[in-house]
Amino acid sequence: MAEFDLDSYAVITEGLTRRFGKIVAVDHVDLRIKRGEIYGFLGPNGAGKSTTIRMLCGLLDPTEGTGYVLGHDITTEPERIKEKIGYMSQRFSLYEDLTVWENLDFYASLYSVPNGVKRARIEQMIQMADLTGREGELAAHLSGGWKQRLALGCSIIHKPELLFLDEPTAGVDPVSRRNFWDLIYRLSEEGITIVATTHYMDEAEHCDSLGFIYQGRITAHGSREEIKANALKGQVIEIECQPMREATIFLETLPGVAEVVRFGNTIHVVIEEDGPLPTDVEARLTGEGLKVNRIEATIPSIEDIFVSFVGLVDRRSLRAQLRRMREGGL
Amino acid sequence: MKSRLLGMMRKEFIQMWRDRLTLGMMLFMPMFVLGIIGWAINTDVKHMPTAVFDQSRTPESRELLHAFTNSQYFNLDYHVASYEQVTRLIDSGWAKVGIIFPPDYARLLRQQRVTQVQVIVDASDPLVATSAINAANAIGQVGSLKIASETLQRSAGRVTPPTPLDVRVRAWYNPDLVSAIFIIPGLLGAILMQTVITMIALAVVRERERGTLEALIVSPLRRWELMIGKIVPNVLIAYAQMTLALAFGVWFFDIPMRGSLTLLYFLSLFFIVGTLGFGILLSTITKTQQQAMQMSYFIFVPSIYLSGVLFPIEGMPPLAKTIAYCIPLTYYLQILRGIILKGIGISYLWTHLLVLTAIGIVLITTSILRFHKKLG
């Protein structure tokens, strides 16, 4: 690991692997997360995001491979790592039978926040979470967004160098999600490295760097710009046409078409590099006697990009998984 | 380290205080159970319907019968004229006890010779039978000493026991023949064990269910700090529970406190800590609060039946005996009865202390090891 500058990276892993029996949850994952950046770790449920994060936090031992977090080996120095990191899980880890203040106070004592600064730190967190005046309320009585911000407060009360957020916005309304990301930006400005997992593809927009994990493997990673610029070599066109079923079946047989996905009443077609142009596609559809109402090239979404990294066979099931999660709000 | 441990304990206390229903139940449960069982035993065992076949019909026989009546354990409901009538009354369930005087009872007594009064007890209800045999035997002893103080033979009121029981030893420590006195210290130990196991197992499993355990594990909190932080508050609750139950037993059931209270509290610590260790062990093999509850009953039932709370260990088959001596409650029970009823000191109990310490160390170590700080 000598070739890496441990000081400029918050997280480095080499061949990190975790098996549960015969299942390989995380399969030789190499991560490079720079200090100070917001790193988005994306992928559908069960792809291995949480398992990776848990290994990095020292919650789980890797079956194979090595990892360094803030310069400490994850297998031999987990206790050193624990003092320096914050961790917030999607379950929020709040004591519902403790008040807002008591929760913060408890986490402050867990991380040995000195008594001299404890009070000020708790007050600061209450202010950040917009909970001023509600210090004495039981955590159970808070609604989603407040709970989430209180959980964030609990996980950063000791001013960690690195903050892990495991699906922090799961099950929270869109307004709270936006507020939450604003808070994350502020933390990032203070110099805290943020590693967030999410299955909301649109949240990738909030991150400086991204990694996409699918079936335990990293299929794409890099800065957001890099990924957007290099990832998708072809283009995406949206088509509204009648009847949809026949159109979808026909488009799938077309040479140069990588993927055909239906989103509501539009057909989303991913075209390979050197594939047909929108005008060609329109001509072919009309030639088949199908009625084309609208056809245009669009900017590929983060989802399109990530799906394009997955083998052709798996694309359909990955799309379906992502759609289910979007609709289920899970 | 100090901050973490104190924070953990403070949190546990706040949580206990917030859940006042559970706290109240834990504190008053032993009193409640002792109350019910204590009173039930008092009323059930006394006033047993008794059939008398007095072939002697002398002042001597009437005097002994009088002693039976005065004990309040026997109601002389039936005076019959034949042995067959006695057995028929017992077989049909109208009488639980039969007393039969031989025709030469008074004559033999006057000659200072051994005489026999036959007491037949319906043994189908072992609690009733034990109590009746105890009572009859004690009356017999008292009676014979009174009538023939020169005779050191204690078999004047010899019983023909349907079950071989060493009734004299028990009566010795329980001269008033109040069963509650005997059963209450045992129950106290059993209920203490049950509530302590349940309380701590639930406290840990709840953290697992709510996901807060994950937050604890990812924090710098050490495994032993987590354990101590959970154990200490529960030890205090257990002591409070024990004190309430003891006070209740002393005031309402006239439980004698013959031995040293300090010694009792000191030895109890070893039992409580070991039991808490077991509770934590239980929490590592159960995933939900419901499972933890069910598992705790799974432990409670053999403990209460095999430890000698209800039935003496001496009468058990070898396998049951072996199991009985692996159960901490067995030893704690002997400590409780020894100190409370017999007033014995540490010199009689140090082996119990050693065994409890050994079991405690094994349980706590296993649970620390089993308590995955990593979520596997």
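Draft legend 1. Representation of the overall build of chain B. When helices and strands are counted, chain B shows 15 helices and four strands. Within chain B, the proportion of its 376 residues that are buried is 44%.

Draft legend 2. Unusual backbone geometry, seen in detail. All names here are of chain A. Along the chain, Q242 connects to P243 via a cis peptide bond; the corresponding omega equals -20°. Mapping P243 onto the fold places it in the loop between β11 (235-242) and α8 (244-253). Positive phi, close to 50°, is recorded for Q215, a residue that is not glycine. Residue placement: Q215 occurs in the loop between β9 (209-214) and β10 (217-223). Of the residues examined, Q215 has 17 C-beta atoms within 10 Å and is grouped as partly exposed.

Draft legend 3. The interface of chain A and chain B, seen in detail. Each partner contributes to the interface: chain A provides 21 residues, whereas chain B provides 20 residues. Of the residues assigned to the side of chain A that touches chain B, the class counts are nine nonpolar, four polar and eight charged.

Draft legend 4. Looking closely at the sheet that holds strand β5 (residues 72-73) of chain A. Residue and element names in this part refer to chain A. Pairing is antiparallel across the open sheet formed by four strands, whose spatial order is β2-β1-β4-β5. Each edge of the open sheet is held by one strand with a lone partner, namely β2 (23-34) and β5. Sheet analysis places strand β4 (residues 64-69) next to β5, joined by two bridges and oriented antiparallel. Counted as the bridge partner of Y68 is D73 from β5.

Draft legend 5. Seen up close, the sheet that holds strand β13 (residues 266-271) of chain A. All names here are of chain A. Here we have four strands laid out as an open sheet, ordered β12-β13-β11-β14, and antiparallel in their pairing. Across the chains shown, the open sheet's two edge strands, defined by having one partner strand only, are β12 (257-263) and β14 (291-298). Here the average twist between neighbouring strands, direction ignored, is 20°. Pairing geometry for β11 and β13, over five bridges, is antiparallel. If you follow V236 over to β13, its bridge partner there is V270. Helix-sheet contacts for α8 involve β11, β12 and β13, and the interaxial angle to β12 is about 160°.

Draft legend 6. The pairing of strand β8 (residues 193-198) of chain A, seen in detail. Residues and elements named next belong to chain A. Most of β8 sits out of view: six of its six residues are buried. Bridge count between strand β3 (residues 38-42) and β8: five bridges; the pairing is parallel. Bridge assignment links F41 to a residue of β8, and that residue is T197. Sheet topology note: the strand β7 (residues 162-166)/β8 ladder contains five bridges and is parallel. Each residue of the ladder has a partner; that of L162, found in β8, is T193. Following the chain from β7 across helix α6 (residues 174-189) to the adjacent parallel β8, one finds a crossover that is right-handed.

Draft legend 7. Fine view of the nonpolar core. In terms of nonpolar packing, the biggest core is built from 144 residues, with F164 of chain A together with L188 of chain B touching the most fellow members. Take this core: its biggest share by element is 17 residues, from helix α8 (residues 179-210) of chain B. Core analysis: the next-biggest nonpolar cluster, separate from the first, contains 30 residues, A51, L89, A106 and I120 of chain B among them.

Draft legend 8. Local environment of helix α5 (residues 144-156) of chain A. Residues and elements named next belong to chain A. For α5, spanning 13 residues, the distance from its first C-alpha to its last is 19 Å, which sits close to the expected 18 Å at 1.5 Å a residue. Most of α5 sits out of view: ten of its 13 residues are buried. Inspection of α5 places K147, Q148, R149, L150, A151, L152, G153, C154, S155 and I156 among the buried residues, and these make up the whole buried set. Turning to α5, the residues buried within the fold contact β6 (85-88), α3 (100-110), α4 (115-128), β7 and α6.

Draft legend 9. Examining the confidence of the model for chain A more closely. For chain A, per-residue confidence averages 86 on the pLDDT scale, and residues scoring 70 or more make up 95% of the total. The spread of mean pLDDT over the elements of chain A runs between helix α11 (residues 312-328) of chain A, the lowest at 71, and α3 of chain A, the highest at 96.

Draft legend 10. The arrangement of the packing of helix α1 (residues 2-18) of chain B against helix α10 (residues 223-253) of chain B in detail. Residue and element names in this part refer to chain B. Packing of α1 against α10 brings their axes to within 8 Å, and their N-to-C directions diverge by 45°. With respect to their mutual orientation, α1 and α10 come out oblique. Relative to α10, α1 is oriented so that their crossing is right-handed. Contacts from R4, L5, M8, M9, E12, F13 and M16 of α1 reach α10 at E225, L226, I228, G229, K230, V232, P233 and I237. Its residues assigned to classes, the contact of α1 with α10 shows ten nonpolar, one polar and four charged.

Draft legend 11. A look at the confidence of the model for chain B. Residue and element names in this part refer to chain B. When pLDDT is averaged along chain B, the result is 80, and 84% of the positions lie at 70 or above. Per-element averaging of pLDDT across chain B places helix α7 (residues 167-173) at the bottom with 30 and α1 at the top with 92. Low pLDDT (under 50) marks residues 145-178, which in the prediction has 55 contacts with non-local residues, meaning those over four places away or in another chain. Complex prediction metrics read pTM 0.74 and ipTM 0.81.

Draft legend 12. The arrangement of the packing of α10 of chain B against helix α11 (residues 261-285) of chain B in detail. Residue and element names in this part refer to chain B. Remark: α10 packs on α11, axes separated minimally by 10 Å, with the N-to-C direction vectors making an angle of 130°. Accordingly, the angle class assigned to the pair α10 and α11 is oblique. The handedness of the crossing between α10 and α11 is right-handed. Residues M227, K230, I231, N234, V235, A238 and M242 of α10 pack against S268, I272, V273, L276 and I280 of α11. Here the contact of α10 with α11 is built from residues that sort into nine nonpolar, two polar and one charged.

Reading guide: rules and limits
- Residues numbered from 1 in each chain as written.
- Chains lettered and ligands numbered in written order.
- Predicted model: local features only at pLDDT ≥ 70, side-chain atom pairs only at ≥ 80, totals over all residues.
- Helix = DSSP H or I, 4+ residues; strand = E, 2+ residues; numbered from the N terminus.
- Buried ≥ 20, exposed ≤ 12 C-beta atoms within 10 Å, placed from the backbone.
- Contact = placed C-beta atoms within 7 Å.
- Nonpolar A, V, L, I, M, F, W, Y, C, P; charged D, E, K, R; others polar.
- Pairing = 2+ DSSP bridges.
- Axes fitted to C-alpha atoms, helices over the stretch in contact; angles between N-to-C directions.
- Right-handed = clockwise from strand over helix to strand, strands pointing away.
- Core = buried A, V, L, I, M, F, W, Y, C linked by C-beta atoms within 7 Å.
- Expected span 1.5 Å × (residues − 1).
- pLDDT = per-residue confidence, 0-100.
- Parallel < 35°, antiparallel > 145°, perpendicular 65-115°, else oblique.
- Left-handed = near helix turned anticlockwise from the far one by under 90°.

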